[in-house]
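# Secondary and tertiary structure notes
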Amino acid sequence: MKNQSYTFMLLSVVLFAACSGGGQKKATSEEPKSAFTGAKGEVKIMTLDPGHFHAALVQKEMYEQVDPTVYVYAPEGEDVQDHLNRIEGFNTRAENPTNWVEKVYTGDDYLERMLTEKPGNVMMVSGNNAKKIDYIKAAADAGINIYADKPMAINSEGFALLEEAFKAAEANGVLLYDIMTERYEITTIIQRELSKIPEVFGQLQDGTAEEPAITKESVHHIFKYVAGNPIKRPDWFFDTEQQGEGMVDVTTHLVDMIQWEAFPEQILQKSDVEMVNASRWTTGLTLDQFQKVTQKDAFPDFLQKDVVDGKLQVYTNGEFTYKLKGKYAKVSVIWNFQAPEGTGDTHYSIMRGSLCDVIIKQGAEQNYKPTVYIQAEIDEGLETFEGGLQKAVNQDIATKYPGLKLVKLEDKLWTVEIPDTYKVGHEAHFAQVTEKYLRYLEWGKLPEWEVPNMITKYYTTTQALEMAKK
């Protein structure tokens with residue numbers, strides 16, 4: 001187990017360097033002073049109204065800088081109890097158990113109590129998305145650092161509040177940051193790294209609405225297993241007024257990756273975004289399916305508005321095409337109820353360069369494991385291209401990620417063999433993002449592009465929803 005922990009720690013350090021962008025250095029005397037020094041236990045977490053299992057995944061591992069006592073403020077009910085049960089599961093697991101101590105307050109005044117007592121210096125929030133933006137704004141106004149699950153805004157009204165929250169956070173010298181786990185997926189990192197090498201990728205194409213320069217598509221499932229257990233979702237998860245539509249949920253990750261890959265470390269603005277088209281549609285759930293995933297006997301009253309012919313119709317699906325700094329991009333997310341046996345969530349991504357396309361597939365052919373492909377788009381100079389590609393993968397990128405290997409499949413098609421060491425999975429990515437956020441707290445600031453790009457990201461998703469509803 002010690003060897004596994006060391007491997008995970010080393011991998012987190014390597015991935016942190018890749019995902020943080022420019023400016024990985026200690027704060028100088030000219031930079032903002034931080035209240036954090038990296039000392040053991042100096043970060044004290046307050047978990048507010050945990051209604052989503054992501055709140056628990058942040059605590060799947062322990063962190064040197066984080067005090068093991070976590071203060072939970074929440075209304076009474078199943079959400080907080082389910083959260084505490086998950087933490088207890090981490091504390092009592094056979095391998096590498098955690099030792100969190102949860103100090104819990106439940107009551108209708110949970111938000112006011114947290115703001116008044118303020119026993120911690122970081123608020124972690126993952127739950128009801130309609131309430132989340134109000135929590136974020138209140139914490140920013142109170143000078144509390146905020147570590148938030150996505151999405152931070154699910155509509156235009158929420159986006160306006162988010163902009164105000166960022167202003168308040170800056171004025172009060174605290175960090176507001178959302179949890180972008182997909183930046184730590186090794187295939188996405190490889191795609192990004194290859195696209196940054198002009199000798200291999202060339203330049204990102206402008207693309208068209210029919211054939212965008214960059215596409216991100218994903219298929220998710222409502223019922224699945226988390227930390228080895230069947231997921232239990234709260235009934236409000238299926239109310240788009242509380243959870244948000246699919247157009248503004250998972251798409252947050254997809255838009256973030258488009259920005260992070262196509263324009264690495266560049267400051268983006270709302271004016272860089274031009275919506276082209278957007279659409280949305282529902283997934284239907286039978287009462288049996290609803291009972292299976294919520295453990296509730298009936299559709300609650302607040303969902304009756306969405307019940308048609310005995311099925312709950314939820315706007316979980318959407319796609320939109322937009323231009324970012326003149327480059328066409330497409331995002332698509334689909335939610336099915338449950339993956340067929342032996343299958344799972346899927347992801348497809350393509351970045352179109354003038355020399356090659358870098359593609360990620362995660363379908364049946366790939367055994368539902370994300371896989372990177374490089375498809376040459378040139379007919380002449382292939383031998384020179386292949387030599388440059390081999391150097392890029394086997395030497396340049398492998399310097400950061402030892403063990404990567406380029407494998408030729410066809411005359412103009414290659415894949416990248418990736419050691420299992422890097423395939424840590426979605427749940428482990430939460431600890432990796434948390435390690436990065438802890439480093440930012442110690443530095444006292446985020447990279448200069450992070451805040452404007454978060455604003456641009458949520459502007460994009462909320463504008464897409466507005467267009468789709470017209």
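## Quick look at a negative patch on the surface
- A grouping of Glu 76, Asp 108, Asp 109 and Glu 112 is seen on the molecular surface, where their side chains present a negatively charged patch.
- Note that Asp 108 resides in the loop between β3 (101–106) and α4 (110–117).

## Description of the sheet that holds strand β2 (residues 69–74)
- One open sheet accounts for six strands, arranged β3-β2-β1-β4-β5-β6; its pairing is parallel. Lying at the two open borders of the sheet, with one neighbouring strand each, are β3 and β6 (176–178). The mean inter-strand angle of the sheet, taken between neighbouring strand axes irrespective of direction, is 20°.
- The sheet contact formed by strand β5 (residues 145–148) and β6 spans three bridges and is parallel. Note on β6: the bridge partner recorded for Ala 148 is Asp 178.
- Together, β1 (45–48), β2 and β3 form the strand contacts of helix α3 (residues 78–92), whose direction differs from that of β3 by roughly 175°.
- Along the sheet face, helix α5 (residues 129–141) touches β1, β4 (122–125), β5 and β6 and points at about 175° away from the line of β4.

## Quick look at the pattern of salt bridges
- Counting across every chain of the model gives 31 salt bridges.
- With a shortest N-O distance of 3.0 Å, Lys 305 and Asp 239 are connected by a salt bridge. In this pair, Lys 305 is assigned in the loop between α11 (287–294) and β11 (307–308) and Asp 239 in the loop between β9 (229–230) and α9 (240–243), connecting sequence segments 66 residues apart.
- For Lys 305, a relative accessible area of 45% translates into the label partly exposed.
- What makes Asp 239 buried here is its relative accessible area of 3%.
- Sharing partners across several salt bridges, the network here consists of Asp 178, Arg 183, Asp 256, Glu 450 and Lys 457.

## Let's talk about the pairing of strand β12 (residues 311–324)
- Where strand β10 (residues 273–285) and β12 come together, eleven bridges link them in antiparallel fashion. Across the sheet, Ala 278 pairs through a bridge with Phe 320, a residue of β12.
- Counting the residues between successive antiparallel strands, the hairpin from β11 to β12 contains two residues, one of them, Asp 309, with a positive phi of roughly 55°.
- Sheet topology note: the β12/strand β13 (residues 327–338) ladder contains seven bridges and is antiparallel. Note on β13: the bridge partner recorded for Glu 319 is Ser 332.
- Linkage of β12 to β13, two consecutive antiparallel strands, is achieved through a turn of two residues, within which Lys 325 is found at a positive phi near 50°.

## Brief notes about the packing of helix α6 (residues 156–172) against helix α14 (residues 450–469)
- Two numbers describe how α6 lies on α14: the axes approach to 9 Å, and their chain directions differ by 170°. Here α6 is positioned roughly antiparallel relative to α14, judged by the angle of their axes. On α14, the residues that touch Ser 156, Phe 159, Leu 162, Glu 163 and Phe 166 of α6 are Val 451, Met 454, Ile 455, Tyr 458, Tyr 459, Thr 462, Gln 463 and Glu 466.

## Quick word on the packing of helix α10 (residues 251–262) against α14
- For the pair α10 and α14, the least separation of the axes is 9 Å and the interaxial angle reads 130°. Between α10 and α14, the angle falls in the class oblique. Like other packed secondary-structure pairs, α10 and α14 cross with a definite hand, here right-handed. Every residue of α14 that contacts α10 at Thr 251, Thr 252, Val 255, Asp 256 and Gln 259 is listed here: Asn 453, Thr 456, Lys 457, Tyr 458, Thr 460 and Thr 461.

## Remarks on the pairing of β2
- Within β2, five of the six residues are buried, which leaves it mostly tucked inside the rest of the structure.
- Examined bridge by bridge, β1 and β2 share three bridges and lie parallel to one another. Paired with Thr 47 across the strands is Val 72, a residue of β2.
- Where β2 meets β3, six bridges bridge the pair, whose relative direction is parallel. Bridging across to β3, Thr 69 finds its partner in Val 101.
- Between the parallel pair β2 and β3, the chain is carried across by α3, and the sense of this crossover is right-handed.

## Points about the environment of Asp 288
- As for its placement among the helices and strands, Asp 288 is situated in helix α11.
- Judged by its relative accessible area of 59%, Asp 288 falls in the exposed class.
- The spatial distance from the C-alpha of Asp 288 to the C-alpha of Val 393 is 48 Å, given a sequence separation of 105 residues.

## Here we look at the packing of aromatic side chains
- Within this structure, the stated rule accounts for 16 aromatic pairs.
- Ring centres 4.7 Å apart and planes at 10° place the aromatic pair Tyr 147 and Tyr 437 in the stacked group. Linking Tyr 147 in strand β5 with Tyr 437 in helix α13 (residues 426–443), this pair joins segments that are 290 residues apart in sequence. One exposure class covers both Tyr 147 and Tyr 437, and it is buried.
- Residues Phe 385 and Trp 414 carry aromatic rings whose centres are separated by 5.6 Å and whose planes lie at 55° to one another, so their mutual orientation is tilted. One end of the pair, Phe 385, is in helix α12 (residues 382–400); the other, Trp 414, is in strand β18 (residues 413–417), and 29 residues separate them in sequence.

What counts and what doesn't
- Residues numbered from 1 in each chain as written.
- Predicted model: local features only at pLDDT ≥ 70, side-chain atom pairs only at ≥ 80, totals over all residues.
- Heavy atoms only, no water.
- Patch = residues over 30% accessible without salt bridge, like charges linked within 9 Å, V, L, I, M, F, W, Y side chains within 5 Å.
- Areas by Shrake-Rupley, 256 points an atom, 1.4 Å probe, with all protein chains shown as cover.
- Salt bridge = Lys/Arg side-chain N within 4 Å of Asp/Glu carboxyl O.
- Lys, Arg positive; Asp, Glu negative; His and termini not counted.
- Charge placed at Lys NZ, Arg CZ, Asp CG, Glu CD.
- Helix = DSSP H or I, 4+ residues; strand = E, 2+ residues; numbered from the N terminus.
- Pairing = 2+ DSSP bridges.
- Axes fitted to C-alpha atoms, helices over the stretch in contact; angles between N-to-C directions.
- Contact = heavy atoms within 4.5 Å.
- Buried < 20%, exposed > 50% of the residue type's maximum accessible area, 1.4 Å probe, protein only.
- Parallel < 35°, antiparallel > 145°, perpendicular 65-115°, else oblique.
- Left-handed = near helix turned anticlockwise from the far one by under 90°.
- Right-handed = clockwise from strand over helix to strand, strands pointing away.
- Phe/Tyr/Trp six-rings, centres within 6.5 Å; stacked < 30°, edge-to-face > 60°.

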